[in-house]
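Commentary on secondary and tertiary structure
One letter stands for each residue in the lines below.
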4 protein chains.
Amino acid sequence: MTGTSLPLQSSDPLITPTDRTSALEPDGADTDALYHRLFETRQLSSDLAAPLSNEDQTVQASDDASPTKWHLAHTTWFFESFLLEPHLPDYRRYSDAFEYCFNSYYEAKGDRHPRASRGLLTRPSAGEVRSYRAHVDQALKDLGQREEGQIDAVKELVELGINHEQQHQELILTDILALFAAQPLRPAYIADQDRSTQNTDSQNSTRPAAFVPFDGGIYAVGHDGSGFSYDNESPRHDTLVRPFRLANRLVTNAEWMAFMDDGGYTDHRHWLADGWAWLKQHSIDAPGYFEKCDDDRRQMTLHGLIKLDPAAPVTHVSYYEADAYAKWAGKRLPTETEWEIATSKARLSEPNTLATRSFKPLPAPLARPGLIDQMFGDVWEWTSSSYSAYPGYRAPDGAVGEYNGKFMCSQQVLRGASCATAPNHTRATYRNFFYPHQRWQFMGLRLAEDA
Amino acid sequence: MTGTSLPLQSSDPLITPTDRTSALEPDGADTDALYHRLFETRQLSSDLAAPLSNEDQTVQASDDASPTKWHLAHTTWFFESFLLEPHLPDYRRYSDAFEYCFNSYYEAKGDRHPRASRGLLTRPSAGEVRSYRAHVDQALKDLGQREEGQIDAVKELVELGINHEQQHQELILTDILALFAAQPLRPAYIADQDRSTQNTDSQNSTRPAAFVPFDGGIYAVGHDGSGFSYDNESPRHDTLVRPFRLANRLVTNAEWMAFMDDGGYTDHRHWLADGWAWLKQHSIDAPGYFEKCDDDRRQMTLHGLIKLDPAAPVTHVSYYEADAYAKWAGKRLPTETEWEIATSKARLSEPNTLATRSFKPLPAPLARPGLIDQMFGDVWEWTSSSYSAYPGYRAPDGAVGEYNGKFMCSQQVLRGASCATAPNHTRATYRNFFYPHQRWQFMGLRLAEDA
Amino acid sequence: MTGTSLPLQSSDPLITPTDRTSALEPDGADTDALYHRLFETRQLSSDLAAPLSNEDQTVQASDDASPTKWHLAHTTWFFESFLLEPHLPDYRRYSDAFEYCFNSYYEAKGDRHPRASRGLLTRPSAGEVRSYRAHVDQALKDLGQREEGQIDAVKELVELGINHEQQHQELILTDILALFAAQPLRPAYIADQDRSTQNTDSQNSTRPAAFVPFDGGIYAVGHDGSGFSYDNESPRHDTLVRPFRLANRLVTNAEWMAFMDDGGYTDHRHWLADGWAWLKQHSIDAPGYFEKCDDDRRQMTLHGLIKLDPAAPVTHVSYYEADAYAKWAGKRLPTETEWEIATSKARLSEPNTLATRSFKPLPAPLARPGLIDQMFGDVWEWTSSSYSAYPGYRAPDGAVGEYNGKFMCSQQVLRGASCATAPNHTRATYRNFFYPHQRWQFMGLRLAEDA
Amino acid sequence: MTGTSLPLQSSDPLITPTDRTSALEPDGADTDALYHRLFETRQLSSDLAAPLSNEDQTVQASDDASPTKWHLAHTTWFFESFLLEPHLPDYRRYSDAFEYCFNSYYEAKGDRHPRASRGLLTRPSAGEVRSYRAHVDQALKDLGQREEGQIDAVKELVELGINHEQQHQELILTDILALFAAQPLRPAYIADQDRSTQNTDSQNSTRPAAFVPFDGGIYAVGHDGSGFSYDNESPRHDTLVRPFRLANRLVTNAEWMAFMDDGGYTDHRHWLADGWAWLKQHSIDAPGYFEKCDDDRRQMTLHGLIKLDPAAPVTHVSYYEADAYAKWAGKRLPTETEWEIATSKARLSEPNTLATRSFKPLPAPLARPGLIDQMFGDVWEWTSSSYSAYPGYRAPDGAVGEYNGKFMCSQQVLRGASCATAPNHTRATYRNFFYPHQRWQFMGLRLAEDA
C-alpha cells in the first residue's frame, strides 16, 4: 500500500450510504413526511414507557442512567426550549419550573437539577409529564400547520429534535434494564415472544469468524451532507488507511466464555493499566448483567433473567474489557475509520422495528463470504479511536453547540447501532461515544487485524 | 461511701408516669383492645401514605431516609417474620423474595437489600405492597381470633409490632419531608388547614424562657415495667443528680435567629471540634430546610414552603448545632436523666391525633409558673447524654435483640416526642437516639443549667 | 427521693491517690523541682527521637499520626505561644512561620497547616527543629531564673506544658510504631534488650482472671485538686455506683486468640452495628499489627516484628473489638467510674522509666488475691463510658480552653496508662479518649461484671 | 491539497532528525561512549539530589509525585532487575526487599509497594539508597568491562536504562517543585543564578505570535530506527495531513493573564464538559503554582516564589485549560502529527545542560520569520491527540512491554521537552503523555489553526 495511486474518494461507492441506510434517511424535502416522522417518534417514546408503572418511570438506576419519566420530559423540554419558544409566537410554556427540572447539560440554559438527583423528582408525576407531552405535541402540531415559509426555518430543528428523542429512546431501554437488573425480583420489561434461539444454526455459532480484507488507501469519511447528521460527523474528510481485515461477525458469548475460562480477567498482561485498576476496584470478572446460577450462566435482559445464548454477541462489556479480549485473541479493535469503510461490505438484515425487534442481540447469522454481518442493530461496537473532532470541525454557536463538542475528551468512539437503537436512527457515519469504563449500554466488539 | 442505705425508688412520684402518659399506656390485659390498637395502627400507616402518589412512595430521599413503600412493607414483614411465621400454623408467606427486600438490619435474618438502595425497588409496586399489607392483616386477624392460650404467647410480639410500626410512621413523615424538600416544585404533603399561628400570643413568644428548679438527690429512672417499653429503657435504676434547672419551653426560631445574627455559625468557640468540621464540610449556616427568600426566612415543611414562625420551636438542628447554641447562650443541654426527672412537672397539652395534629411544631404556649411546656409532641430534644446501656442492661436473645442494643455507640439520646410521633407512642422513659450530625428528624432543644 | 443527706466524699480513702500516683505528683511548691522536671521532660523528648533518622522523624504514617519532628516542634511552639510570648519580656520568636506550621488545633491561634499534611513539611529540617528546641529551652531557662513573683504567675503554664509534652512523647512512640509497621523492611525502633518473656510464669498466663468485688454506693470521682490535672478531670463529684466486679488483670493475647478461633470476627452477634460495618469495610480480622507468618502469629512492635506473647495483654484493639470481645466472653467493659474506684485496690509495679521500660506490654504477673494488676503502664483500657463533661465542668477561656472540651463527642474514655506513657504521667483520674475505631495507640481491655 | 501526488516520505528531510537532535543521538556503535553516557547519567541523578536534605528526598508531595529517594532507588532497581540479574553472572542483589519497595508498576515483576505510599518509606534511608546506587554502579562497571560478545547482548538494555533514568530525572525536578510548593516556608531548590529575565526583549514578548504555514499531504511520522527511541514512537508510518499553521512561539504568561482577565475560568463555553467539572470541583482559577500576593502575581518555581515573567511561556496548565484557552483565542491545539511535522522548521536554541539551565521556562526569544521557537526545552506542549498506538504497533513481550503500551487510554500526547527534561533526552518523535487533569509537570501550549 502506498496511498499514492488512490484518487480522492468522496463519492466512492464503498461508503455511499447503503440501501438500508438510504432508505432510512429523510429526504428533507417533504414537510408532511417530516412531521409524520416527528409524531411517530413522539408516539414511540410513549409506547416504550407503556409497560412501565409510574414507579418504574421515576427511579434512577445509577448516576449514568436517568428515569424514564425524565427522558420523556427532557425530550419534550428540548422541543419547547429550542423550537417552540423561539419559533411559535404566543407559545406558552407548560411550566417555568420544568426548565430547571429537565435541562440535561446545557450550561447556556442556566442552572439545572443535578444529574445524579434526577431520581428524586417524584413531582411532576408521570401523569403530569404525560400532560406535558400532550401540551407540547399540540403546539408542535400547530407549528406544523403554519404556512410553509415559517416552517422551513424550523425544519432543521425538528429534525434535530427527532434524532435527539431517538437517542433518548435507546437510553430509556438501557436505563430500564439497569433498573430492573437492580430489582431483587428480576422483572422482565417485555415478555419473551417466540425467541428465535432455537432456530440458531449451532454449527454456525461455533464456526470461527472470517476476516474480510480491505485495501489501504485514501478514503473519505464523515457525513456527506445528504440527510440528517450530527455536527460531530462532519466535515467529511480524507483519511489514509493501511490495508486491514475486519471480522465478519461480532464476538459471541461463547467466545467470551473461552476468554473467561482462560483466566482473561485475572491475567494483567491483557489489560490497559486503567482497566486493570478498574477491574480490581470493582471486582469485575464478567460482562455486565452476567450471573452465575449453579452451573449455569445467565444474563439479565429486557426479557428478564435468561439463559446465556452462546451464539449471541457478547454485550455490556466496557472498552477495557473489549481491548483486553482483543489482545488475548491476538487481534485488535478496529479504528472508527476502518469500521466506517467496512460498511461498504455490510450485509444488512431487516431493519429493526418496534413490532419485530427483540430488545436483545440476535444470534450470529449464517455468514456469506466477503460480507460483514451484524453491523447495525445488535450492539454498539467499541473502536480503538478516542472521540475527538474531525479536521476542520467547529461546534455550532449557542446551546445546540453543546450537543457534541464539549464531550471530546477521554471517551472512546463506538460505531454501528444496537438492538435498543430506535429504528431509522442508524447510519454508517454515526459516532457514538462513552467513557472506557461504561458498559450499561448494549456494547460489544468486533475484531480487526492488519492485513 | 456506703450506698447501701438508699431505698430503691421505683415508685417515686416524681417519675411516675404522668396522667397523660399513663392514659396512653395499654393495660395489657385486654386482648380485644390490643388487637383494636393493632389494626388502628396498621390503618394509620395506610392513611399516612394516602396523600402520596405511588412515585412519592417509592423514592428514597437520602441514605438516612427510606421510601414510604419500604416502610409500609418493612413493618408488614416484621409481623410476618416475628409473629405470623413462628406462631400462626399453616401461615403462608406472601412472597419469599420479600424477606430479602424488606429486612432492615437484622443480621440474624440473613442477607438483605442494601439500605442505600431501597429507593431502587420499583418492584414490588406500591399497589402490591398494599396487597401484601392486606394479606398480613388478614392473617393477623386470624391470629387474633384463635383461642386465648395461643394468643397470650404472642401478645408481647403484637405490642412490639405496634410500637415498631409507630416508629416507622414517624419516619414516613420525616422521610417524605426530606423527599419533598428535594423537589424543585416544593410540594406540600398536606394542605395547611387552619393554621394556629394566628392564635399565637406574640408577646409570649418573645418572653424569655423561665428555668424551673429541681432538687439534687437520688432518683430512679427507666421504665417500671407497667405497659409497653423497649429493652433500652430498662432496668429501672437509681441515679444521683445534682440540683439543676430546666427551661420551661423549647428554644424558638426567634432565638435561633439571634444566634445566627450574632455569628453563631462562624465562631469556632461555640462548637465541638467534630461539629466545626461538619459545618465546614457541608457549608452549614442554618437549620435544615431553612431557606432565604429575599429578606424573608422560610422553611420547607410538610405543609410546603412557609414563612418561619418566630414563636415556634426551632427544628431540624443537629446535636452539633444544639450544643453550640447552648454554649453561645451560656447554658447547657440537659442530661437525659434530668429530662426524665423533669417530666414530673410537665404540663401536657392535648394529645396529638391524626385528625388534629398539624405536622409541625406548635408555637410556644403561654407559660404557667413552675410547669414545663412542650415536652411531648413538638420536637425531639437533644440531650447531652450519649446513648449507652443502663446498668444491668442485657440485650434480648435472637433477632429482636438487635433492636436497640447494637446501636449503643456514638449516638446521642433525644427525649420527648415530636409533632410527627404517632399518637400514643410517647412516654417519659422513651429513649430516642441519632448520630450527632443527623437532623432530618424533628429535632430541637431545651436549655438547662446548674442550680 | 432526697439525695440531700449524703455527705460529700471527696476524701474517701478508696480514691485517695495511691502511693504510687502520689509519688508521681509534683508538689507544685518547689519551683526548682518544677523547672528540673521541665528540662527533664524536654530532654526525654529529644532522647526519644535519638534512635530515629531525620527521615524517620519527618514522615507521617497516617492521618491519625504525626511526624516525630512535628511533635518536637509543636511542643516547643506550645511553650513559645502560651508561656514565653505572653510572659517573657523581649522574647523573640524563633520564626514567625512556625506559628502556622506547628499549631495543632487551636482555632484561637489562627490558620494552621492542615493536619493530614504534616508529613509534607520537610522544611524546617529536623536539624532546624533541634535548633528551635534549643532556642526555646534557653528562653525557658531565662524565665526560670527571674525573680519569684514573676515565676509564680507562670508556674501553672509550665506544669501544663510539661504534661502536654508528655502526652506527645507517648504519641511519638505510637506514631513511630505506625510508621515502622508500614515499612516493608519492618525495622525495630529499639533493640530488644533482654526480653522478660522467658521469665513469665506460663501457668499464670493461662490461669483465668479473677474478678475483684466492689461495693455499690456513692463515690466521689474526679481530681481533688492536689497536683496537676487536666480540666476534664474536674470537678470532683459524687456518683452512684452499683456493686460490680473487675478482672484482676488485662485480657491476654492467648484469650484473644481463643476469641478469634471461635469466629469472633465473623459472628455479627457480638458486634455493635457501627463496629460490624467498620470491620467489613476494612476487612478487619485481628488486632492491629498482627501478622500471620505461616503457622505463627507475630506482631509488629517497637522492638520489631516479634512472636506474639500469649501472656501479654492484647493491644491495638479498637473499642468495637473490645466491646465485641466482652460480649463474647459474657462480660462487659467497666465504666470509667468503676475503673477509677477500683484503683483503690491496684497493685502497682515499679514505675516505668525510660531506662527500664520495654515499650511493650508486659506479661501478666502472678496475681495476688484481692488486688488488681496492670492498671498503669501496659495498655490504655477501653471503658464503656463515652467521653463527656463532668457535672459542673466548664472549659477554661481562651485557646487553652480548646484543650479538652471541644472533643467531648463521639469518643470513648480509656483509663490507665500504657507502656508508652511518659513516666510520671499517670494518675487514677486521668481521662484519655479516642474514637471507637482507633487502635494505633496501645489500647487493650479489662473485663467487668455486675456483682 | 489532494494527497494523491505525494510520495512516501520516510526519508523526507522535513522530518529528518534536526542538527540538534542528531547530535544528541547515540551512534550505538561505540560501547565506550555508551558506558560513558551511562555513568554520566547516573551521576546526574545524584547531582540533582545534592541540594536536597535526606528529608526532602523522602517525602511524597502527592499521589502523582514520588520521593526523590524513590526515583534514585527505582532507576537503580531497573538496572538491577532488567540488566544485571539476567546478564551479569554471579550478580548478587543488594537486598531482596528492594524488589518489593522499588518496582514502579511492572505487574510481571510481582507485588510491589503501593504507589501512594512511596512516601512512607523512611527505610531504607537516603544514605542506604546511595550505597545501593554505588553497589549497582560498580556492577555496571564490571559488566561494561566484560568481553564484547556479552556486552553486545545488553547494549539495548543499557540504552533503555539510560533513557529511563533520564525520564526520572525530570520527575525528580517536578516532584521536588510539588513538594516545595507545599511547604509553608516556600524554599528554593536552587538559587536564582543570574536570571536572564532582564535580557528579555520586552517588545518581543508583547508582539503577537506569528503562524508558520505547512502544506498538506502525506508525511511519514514516527521514529526511523536510527538511535534510541521508545516502542510507542514506532512504527514509522504515513499519515495524511491538511494544510495548517503553527504558532512560532508558546503561549505566554501575559497572554494567559488576558484570558484570566477576560473571565476565562468562569465562562463555561470555552470548556470541555470534563474540564468544567474538574474546575468546579477543585476551585481552579489559575495555572498551578500561581499565587496572588496583593496586586502581584507570583509563581512558585524551583528558584522559589518569584514574580511572574509576562514573556515566559505559561506552564503548569492542564489539558482542560490548554483546550479552553485555545477555544477562547479562536484557535486550536495542534495534533501530535502536525507538531512533529513542524519540527522541520524548528529553530533550536543551545541545548540545556545541567550547568547552564535555569529550571524554568525561558522568556520568548526574538522571532525569526518562518522559524518556530521554543519547541524543545521550555515546556511540554499539549496536543489535541489522545495517546494511542501507531498503526502496526505491538508492545514488546515481557515486563519491558509494560513500559508504554498499557497506558494507551484516556491520556493526551504532549510533545517537545521541558526545562526539566534531562539534556540529550529530546527528539522530534518523542511522545509524552498525561491525563487531561494533570499539570504538575512543566506543561504549556502552542496554538495552531487550519490553513
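For the structure, see preceding data.
The notes below deal with the structure included here. (Residues numbered from 1 in each chain as written. Chains lettered and ligands numbered in written order. Predicted model: local features only at pLDDT ≥ 70, side-chain atom pairs only at ≥ 80, totals over all residues. Heavy atoms only, no water.)

1. With respect to the environment of C:Ser131
Residue and element names in this part refer to chain C. This is how the line gets drawn: Strands are runs of DSSP state E lasting at least 2 residues, helices are runs of H or I lasting at least 4, and numbering of each runs from the N terminus. Burial classes: relative accessible area under 20% of the type maximum marks a residue as buried, over 50% as exposed, and values in between as partly exposed (1.4 Å probe, protein chains only).
For Ser 131, the location among the structural elements is in helix H5 (residues 126-144). Accessibility expressed as a relative area gives 35% for Ser 131, which makes it partly exposed. With 37 residues separating them along the chain, Ser 131 and Tyr 94 place their C-alpha atoms 9.2 Å apart.

2. Here we look at the relation of the copies chain C and chain B
The pair of chain copies shares a relation made of a rotation about an axis and a shift along it. We count it as follows: Each copy is superposed on the other by least squares, with the fit set by C-alpha atoms of residues at a pLDDT of at least 70 in both. Contact definition: two residues touch when any of their heavy atoms are within 4.5 Å.
If you rotate chain C by 180 degrees and push it 0.0 Å along the axis, it lands on chain B with an RMSD of 0.0 Å. Those values place the two copies in the arrangement expected of a two-fold rotation axis. Considering only C-alpha atoms, the part of chain C nearest the rotation axis is C:Ser410, at 2.3 Å. Same-surface contact between copies: 95% of interface residues of chain C are shared with the interface of chain B.

3. As for the interface of chain C and chain D
Under the convention used in this document: The quantity reported as buried area is the accessible area (1.4 Å probe) lost by two parts once they are put together, taken as the sum for both. Any carboxyl oxygen of Asp or Glu that lies within 4 Å of a side-chain nitrogen of Lys or Arg is treated as forming a salt bridge with it. Two N or O atoms form a polar contact when they lie within 3.5 Å of each other; inside protein one atom must be a possible hydrogen donor and the other a possible acceptor, and for residues adjacent in sequence the pair counts only when both atoms belong to side chains. In this classification, the charged set is Asp, Glu, Lys and Arg, the nonpolar set is Ala, Val, Leu, Ile, Met, Phe, Trp, Tyr, Cys and Pro, and all remaining amino acids, among them Gly, are polar.
At the interface, 29 residues of chain C touch 29 residues of chain D. Interface area for chain C against chain D, summed over the two sides, is near 2,200 Å², with a carbon-plus-sulfur share of 63%. At the boundary of chain C with chain D, the tally comes to four salt bridges. The shortest N-O distance in the salt bridge between D:Lys69 and C:Glu55 comes to 3.6 Å. Our count for the contact surface shared by chain C and chain D stands at 15 residue pairs in polar contact (both at pLDDT 80 or more). Elements supplying a minimum of two residues to the side of chain C that touches chain D: helix H4 (96-102) and helix H6 (148-181) of chain C. In terms of residue class, the side of chain C that touches chain D is built from 17 nonpolar, eight polar and four charged.

4. Section: the environment of C:Gly264
Relative to the assigned elements, C:Gly264 resides in the loop between helix H8 (253-261) and helix H9 (273-282). Taking the C-alpha atoms as reference points, C:Gly264 and C:Ala324, 60 residues apart in sequence, are found 7.8 Å from one another.

5. Here we look at helix H8 (residues 253-261) of chain A
Residues and elements named next belong to chain A. Condition: In this context, the arc is that of the directions from the helix axis out to the C-beta atoms.
Asn 253, Trp 256, Met 257, Phe 259 and Met 260 are the residues of H8 that are buried. Across the axial projection of H8, the buried residues extend over an arc of 155 degrees, all falling on one side. In this structure, the buried residues of H8 make contact with strand E5 (290-293), strand E6 (296-301) and helix H10 (319-328). Backbone geometry just after H8 places Gly 263 at a positive phi near 80 degrees.

6. Let's talk about the sheet that holds strand E10 (residues 432-434) of chain D
Residue and element names in this part refer to chain D. Using the following cut-off: The pairing criterion for strands is at least two bridges between them, as found by DSSP.
Pairing within the open sheet is mixed, and its four strands lie in the order E10-E9-E8-E11. Among the strands making up the open sheet, the edge pair consists of E10 and strand E11 (443-444). Relative to E11, strand E8 (residues 380-386) runs parallel, the two being bridged by two bridges. Along E11, the bridge assignment pairs Glu 381 with Gly 444.

7. What to know about unusual backbone geometry
Look at the link from A:Arg123 to A:Pro124: it is a cis peptide, with omega at -5 degrees. Tracing the chain through its elements places A:Pro124 in the loop between helix H4 (97-102) and helix H5 (126-144). One non-glycine residue, A:Ser283, lies in positive phi territory at about 50 degrees. With respect to the helices and strands, the residue A:Ser283 is situated in the loop between helix H9 (273-282) and E5. Phi angles above zero are rare outside glycine, and C:His316 is one such case at about 60 degrees. What makes C:His316 buried here is its relative accessible area of 1%.

8. Some remarks on the relation of the copies chain C and chain D
Between chain C and chain D, the superposition needs a rotation of 180 degrees and an axial shift of 0.0 Å, giving an RMSD of 0.0 Å. Mapped onto chain D, 100% of the interface residues of chain C again fall at the interface, so both copies present the same surface.

9. What about the pattern of salt bridges?
Close approach of charged atoms lets side chains of opposite charge pair. All names here are of chain B. Tallied over the full model, the rule gives 108 salt bridges over all chains. In this structure, Glu 381 engages Arg 446 in a salt bridge whose closest nitrogen and oxygen atoms are separated by 2.8 Å. Taken together, the positions of Glu 381 in strand E8 (residues 380-386) and Arg 446 in the loop between strand E11 (443-444) and strand E12 (448-450) put the pair 65 residues apart, joining distant regions of the chain. Residue class for Glu 381 comes out buried when judged on its relative accessible area of 1%.

10. Remarks on the packing of aromatic side chains
The relative placement of two aromatic rings is captured by the distance of their centres and the angle of their planes. What counts here: Each Phe, Tyr or Trp ring (for Trp, its six-membered ring) is paired with any other whose centre lies within 6.5 Å, and the angle between the two planes then decides the class: stacked below 30 degrees, edge-to-face above 60, tilted in between. Only lysine NZ and arginine CZ atoms are considered, and such an atom sits over a ring when it is within 6 Å of the ring centre and within 35 degrees of the ring normal.
As enumerated under the stated definition, the model contains 119 aromatic pairs over all chains in all. Relative to B:Tyr430, the ring of B:Tyr230 lies with its centre 5.9 Å away and its plane at 80 degrees, an arrangement referred to as edge-to-face. Of this pair, B:Tyr230 sits in the loop between strand E2 (217-221) and strand E3 (237-241) while B:Tyr430 sits in the loop between strand E9 (412-416) and strand E10 (432-434), and the two are 200 residues apart along the sequence. In this structure an aromatic cluster arises from ring pairing among A:Trp256, A:Phe259, A:Tyr265, A:Trp271, A:Trp276, A:Tyr325 and A:Trp328. Above the ring of D:Trp70, the side-chain terminus of D:Arg118 is found at 3.6 Å from the ring centroid. In this structure, D:Lys345 is placed above the aromatic ring of D:Phe214, and the distance from its NZ or CZ to the ring centre is 4.3 Å.

11. As for the interface of chain C and chain B
Across the contact, 42 residues belong to chain C and 40 residues belong to chain B. With both chains or domains summed, chain C and chain B bury close to 3,100 Å², and 59% of this area falls on carbon and sulfur atoms. Our enumeration of links across chain C and chain B arrives at zero salt bridges. At the boundary of chain C with chain B, the tally comes to seven residue pairs in polar contact (both at pLDDT 80 or more).

12. Observations concerning the pairing of strand E1 (residues 211-214) of chain B
Residue and element names in this part refer to chain B. In E1, alternate side chains face the same way, and those of Val 212 and Phe 214 are buried while those of Phe 211 and Pro 213 on the opposite face are not. The sheet contact formed by E1 and strand E4 (residues 244-247) spans four bridges and is antiparallel. Bridging across to E4, Val 212 finds its partner in Leu 246.

13. A look at the packing of H8(A) against H10(A)
Residue and element names in this part refer to chain A. Cut-off, in case you're wondering: Axes here mean lines fitted to C-alpha atoms, for a helix over just the part in contact, with angles spanning 0 to 180 degrees between N-to-C directions. Our angle categories are set so that under 35 degrees counts as roughly parallel, over 145 as roughly antiparallel, 65 to 115 as roughly perpendicular, and the remainder as oblique.
Two elements in contact, H8 and H10, have axes whose closest approach is 11 Å; the angle formed by their N-to-C orientations is 80 degrees. Taken together, H8 and H10 sit at an angle that is classed as roughly perpendicular. Across the interface between the two elements, Glu 255, Trp 256, Ala 258 and Phe 259 of H8 pack against Glu 321, Ala 322, Ala 324, Tyr 325 and Trp 328 of H10. Residues belonging to the contact of H8 with H10 are distributed by class as follows: seven nonpolar, no polar and two charged.

14. Here's the deal with the sheet that holds strand E4 (residues 244-247) of chain C
Adjacent strands of a sheet form backbone hydrogen bonds with each other and so pair up, either parallel or antiparallel. Residues and elements named next belong to chain C. Spatial ordering of the open sheet is given by E1-E4-E12, a layout of three strands whose pairing is antiparallel. Strands at the two margins of the open sheet, each flanked by one partner only, are strand E1 (211-214) and strand E12 (448-450). Taken pair by pair, the neighbouring strands of this sheet meet at an average axis angle of 25 degrees, ignoring direction.

15. Concerning the environment of A:Pro436
Within the secondary structure layout, A:Pro436 lies in the loop between strand E10 (432-434) and strand E11 (443-444). Once the C-alpha coordinates of A:Pro436 and A:Ser318 are considered, the two residues, 118 residues apart in sequence, prove to be 5.9 Å apart. If sequence neighbours within four positions are ignored, A:Pro436 has contacts with A:Ser318, A:Tyr319, A:Tyr320, A:Trp382, A:Ser410, D:Cys409 and D:Ser410.

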